[in-house]
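Spelled out, the chains give:
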Amino acid sequence: MDQNQKIRPPIVTVMGHVDHGKTTLLDAIRKTNVVAREHGGITQHIGAYQIIFQEKPITFLDTPGHAAFEAMRSRGAEVADLVVLVVAANDSVKPQTVEAIKHIKKANKPIILAISKVDLPDVNVEKVKKELQARDVIVESYGGDVPVVEVAPPKGQGIKELLEVIELVWQINPQPSLENEPLEAVVIESYLDKNKGPIVHAIVKKGILKVGQKILVDSETIAVRALTDELNLSLKEAPPSKPVEILGFKKVLEVGSIISDLTKTKSSEAQIQATTEQIIARSQEAKDKFKVIIKADVLGSLGAIMANLPEKIFVVASGVGDVQATDVNLAKVASSPVLAFNVKIAGAVKSQADREKVLIREYKVIYELISDLEDIAESFTAAKFEQKIKGSAKVVAAFDIDGKKIAGSQVTKGKIQVGDTVLIRSTDQETIETKVLSIKKFKKDVESVSTGQDCGIAFQASIDFKVGDIIESLG
């Protein structure tokens, strides 16, 4: 690189397991109380902030730390130049730590390890290093190339050292500030504000974004109406590595979209207002799945939810913004609940939902919504299976007739017929599927038996069933 060439500020992503102190670290760096504004102390959206350290700016991209945010975290790693991996000294490597490493490796970004909570009793810094070594993250003291900084953000310990290491790593492989290149900025968040309209948060990668600048959005030219920084100060322009809020867009953009002179945004099904006919058609597609309608505050949240849906959940419609009367109408038509993440629900809409007997469930933390969906999917699957069971019987005796093992059974529910597909559930939780070959009642062959009747059942396959096993007919 030409030594006279201007260097742009580094863009640093901070990743780590939930509760390992990632946001608290950024809070100490920015000296702002971000944690107090977050539900459950978990970052809800990607945010970017720029600080000045030793007269040099550093941009921090704060990606959420919970597994539910895999999609956003992945995009964060792609935007960043460097990654600070936060691991708690009292907790060590956890599932989200492993997931973060996967994204960092995929994006091929330099890693700086910040071992947090070193001020707590009974911490084990060496355990952290060894467990990371097993994940191919090898620190310098172990012969690798990953620098380590021990931090205790609430006490300010290690903050200066971390910033110094970030500057040092950036100096090894800096990137030029391509201010004269065509504009390229990356959308890191986008949402609809009822007063300002669509708002886009972006980081400029090259070129300069200016107020009044005309850009193309999905074949539609718009002019940048206003630019503000993270402190809500108005800007006339934003150079490379600068995070900004942009006003002027006519619709919400998808996270990860590239803003340029020929801006291309991905089409978002979430922004299409579905008709009643479309909702009915979608509901009919659901078949053996549980139907839901999802509303979220921003596209980043919606994307994270959609990326983590259990298999048995079917989204009839989804969108960004507050729950509206139209959402309740669609939910009634689709016979589905509305799951609302971090959005408002007007009193009139709640009253309408009560009248129409439409369930609206509100959430402030995404992983709680995902957890509920997992519970719903499991219960729904079990309920669907119960509906399929045509009859049940309990094995009360086992005996042989002409070399064939027969299950002496008592029918406890419904009906069992010759030719039925049955599941035999043993007392040790094993399940075997077979068919009913024949049924005897008082030594006579019969075609079926019903609730309360005793019988002998022969199966198509040779099965080693025993007394106490349950026979369930699927018809």
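Criteria and cut-off values
Residues numbered from 1 in each chain as written. Predicted model: local features only at pLDDT ≥ 70, side-chain atom pairs only at ≥ 80, totals over all residues. Heavy atoms only, no water. Helix = DSSP H or I, 4+ residues; strand = E, 2+ residues; numbered from the N terminus. Buried < 20%, exposed > 50% of the residue type's maximum accessible area, 1.4 Å probe, protein only. Contact = heavy atoms within 4.5 Å. Areas by Shrake-Rupley, 256 points an atom, 1.4 Å probe, with all protein chains shown as cover. Pairing = 2+ DSSP bridges. Axes fitted to C-alpha atoms, helices over the stretch in contact; angles between N-to-C directions. Expected span 1.5 Å × (residues − 1).

Undergrad: How do you make sense of the overall build of the chain when you look at a structure like this?
TA: When its secondary structure is counted, the chain shows 10 helices and 28 strands. Counting the 475 residues in the chain, one finds 49% classified as buried. For the chain, restricting intrachain contacts to residue pairs at least 6 apart in sequence, the fraction spanning at least 24 positions comes to 67%. Of the accessible surface of the chain, which amounts to about 23300 Å², a share of 49% is contributed by carbon and sulfur atoms.

Undergrad: Is there a simple way to explain unusual backbone geometry in this structure?
TA: Excluding glycine, residues mostly carry a negative phi; peptide bonds, for their part, are mostly trans. In this structure, Ser335 takes a positive phi of about 55 degrees despite not being glycine. Within the secondary structure layout, Ser335 lies in the loop between helix H8 (325-334) and strand E19 (338-341).

Undergrad: Can you walk me through the sheet that holds strand E5 (residues 111-116) in this structure?
TA: Strand pairing within a sheet occurs via backbone hydrogen bonds; the two strands may be parallel or antiparallel. Read from one edge of the open sheet, 6 strands run E2-E3-E1-E4-E5-E6, paired in mixed fashion. A strand with exactly one partner marks an edge of an open sheet, and here the two such strands are strand E2 (47-53) and strand E6 (148-150). For this sheet the average axis-to-axis angle between neighbouring strands, irrespective of direction, equals 25 degrees. For strand E4 (residues 82-88) and E5, the ladder comprises 6 bridges, and the chain directions are parallel. Each residue of the ladder has a partner; that of Ala88, found in E5, is Ser116. Where helix H1 (residues 22-30) meets the sheet, it contacts strand E1 (11-16), E2, strand E3 (56-62), E4 and E5, and its direction lies at approximately 155 degrees from that of E3.

Undergrad: I tried to follow the pairing of strand E28 (residues 470-473) on my own but got confused; where do I start?
TA: Successive residues of a regular strand alternate their side chains across the two faces of the sheet. Bridge count between strand E21 (residues 391-401) and E28: 4 bridges; the pairing is antiparallel. Bridge pairing in E28 links Gly391 to Ser473. Relative to E28, strand E23 (residues 421-425) runs antiparallel, the two being bridged by 4 bridges. Looking at E28, one finds that Leu423 is bridged to Glu472.

Undergrad: What am I meant to see in the environment of Gly207 here?
TA: Tracing the backbone shows Gly207 in the loop between strand E8 (197-206) and strand E9 (209-210). Residue class for Gly207 comes out buried when judged on its relative accessible area of 0%. With 23 residues separating them along the chain, Gly207 and Glu184 place their C-alpha atoms 6.3 Å apart. Beyond its immediate stretch of four places on either side in the chain, Gly207 contacts Leu178, Glu179, Glu181, Pro182, Leu183, Ala238, Pro239 and Pro240.

Undergrad: Quick question: what am I supposed to make of helix H5 (residues 159-172) here?
TA: Counted at 1.5 Å a residue, the expected span for H5 with its 14 residues is 20 Å, and the 20 Å between its end C-alpha atoms agrees. Where H5 is concerned, the buried positions are Ile159, Leu162, Leu163, Val165, Ile166, Glu167, Val169 and Trp170.

Taken by themselves, the reported measurements are silent on function.
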